[in-house]
Amino acid sequence: FASIFAILTHMQIFCNCDVIVCWCEQLLAMLDTRIHKWNCHRCVGDIWLTMMDTQTFPQMYLFYITNYTNSLATLEHCKQKKLFRQKLKEFEDKYCNEKGTGLHSLLILPVQRVMRYKMLFTDAASLTDSAHPDYDNLKKCLEIALRVCELTNAEQVRAAFYCPLRMPIHS
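These figures come from a predicted structure and were not determined experimentally.

## A short note on the environment of Thr122
Now for step 1: Along the polypeptide, Thr122 turns up in helix 7 (residues 109-127).
Now for step 2: The class for Thr122 is partly exposed, based on a relative accessible area of 35%.
Now for step 3: A polar atom in the side chain of Thr122 sits 2.8 Å from the backbone oxygen of Lys118.

## Here's the deal with the state of the cysteines
Now for step 1: All told, the structure shown has 0 disulfides when counted by the stated rule.
Now for step 2: Sulfur of Cys17: no disulfide; nearest cysteine sulfur belongs to Cys15 and is 7.1 Å away.
Now for step 3: The structure places no disulfide on Cys24, whose sulfur is separated from the nearest cysteine sulfur, that of Cys22, by 9.3 Å.

## Remarks on the nonpolar core
Now for step 1: Among the nonpolar cores identified, the biggest contains 35 residues, and Trp23, Trp48, Met52, Phe57, Tyr64 and Phe121 are the most heavily contacted of them.
Now for step 2: Mapped by element, the contributors of at least two residues to this core are helix 2 (17-35), helix 3 (45-52), helix 4 (56-78), helix 6 (103-107), helix 7 and helix 8 (135-162).
Now for step 3: Broken down by element, this core gets its largest block of residues, 8 residues, from helix 4.
Now for step 4: Setting aside residues up to four positions removed in sequence, Phe121 forms contacts with Trp48, Met52, Leu138, Cys141, Leu142 and Ala145.

## Here's the deal with the packing of helix 4 against helix 7
Now for step 1: Viewed as axis vectors pointing N to C, helix 4 and helix 7 meet at an angle of 140°, and their least axial separation amounts to 9 Å. Relative to helix 7, the element helix 4 lies oblique. Seen along the crossing, helix 4 lies across helix 7 with a hand that is left-handed. Here Phe57, Tyr61, Tyr64, Ile65 and Tyr68 of helix 4 come into contact with helix 7, specifically with Pro110, Val111, Arg113, Val114 and Tyr117.
Now for step 2: The residue makeup of the contact of helix 4 with helix 7, split by class, is 9 nonpolar, no polar and 1 charged.

## Let's talk about the packing of aromatic side chains
Now for step 1: Applying the stated criterion across every chain, the model contains 9 aromatic pairs.
Now for step 2: Residues Trp23 and Tyr117 carry aromatic rings whose centres are separated by 6.1 Å and whose planes lie at 70° to one another, so their mutual orientation is edge-to-face. Of this pair, Trp23 sits in helix 2 while Tyr117 sits in helix 7, and the two are 94 residues apart along the sequence.
Now for step 3: Ring centres 5.0 Å apart and planes at 85° place the aromatic pair Trp48 and Phe121 in the edge-to-face group. Residue Trp48 is located in helix 3, and its partner Phe121 is located in helix 7; the two are separated by 73 residues in the primary sequence. For the pair shown, Trp48 and Phe121 are each scored as buried.
Now for step 4: Within the aromatic cluster, the residues linked to one another by ring pairs are Trp23, Trp48, Phe57, Tyr61, Tyr117 and Phe121.

Basis of the calculations
Residues numbered from 1 in each chain as written. Predicted model: local features only at pLDDT ≥ 70, side-chain atom pairs only at ≥ 80, totals over all residues. Heavy atoms only, no water. Helix = DSSP H or I, 4+ residues; strand = E, 2+ residues; numbered from the N terminus. Buried < 20%, exposed > 50% of the residue type's maximum accessible area, 1.4 Å probe, protein only. Polar contact = N/O pair within 3.5 Å; in protein donor to acceptor, adjacent residues only side chain to side chain. Disulfide = S-S within 2.5 Å. Core = buried A, V, L, I, M, F, W, Y, C linked by side-chain atoms within 4.5 Å. Contact = heavy atoms within 4.5 Å. Axes fitted to C-alpha atoms, helices over the stretch in contact; angles between N-to-C directions. Parallel < 35°, antiparallel > 145°, perpendicular 65-115°, else oblique. Left-handed = near helix turned anticlockwise from the far one by under 90°. Nonpolar A, V, L, I, M, F, W, Y, C, P; charged D, E, K, R; others polar. Phe/Tyr/Trp six-rings, centres within 6.5 Å; stacked < 30°, edge-to-face > 60°.

Structural data, given as structure tokens:
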């Protein structure tokens, strides 16, 4: 029974991080293959567009951001337990190099990533010549990134103002 609560707590804290990591690993593998054969006529916008132009991209971030407040509440609830605090400290000592960073700092990264995609494609499109074969794909990626930013911003506002703080399901 305790292991069921541990699994549910893990799911509440980390939500769909595994899906986001898998998506990023796929993207990285595709970009890495392309970059190893790089020349001035090669493109990367098509890879980004393929990865972003599905329901998976906006939905995975929207789902994560929808659960983010609950994730933090669950983390704070778990910190009330001595064993959890000990394990968390071990984790943070091992994986969080900078003083003052911790699991909270890692959990916010997917939320921040959405805005970084917008900035990436804004810069990439503005720095790419309109005659370059990658230009149209980069502009499409920017449109998708903007749309996902709008969706996730709206969800953050809704979660902050209209949803009561959800408490963890375990005692």
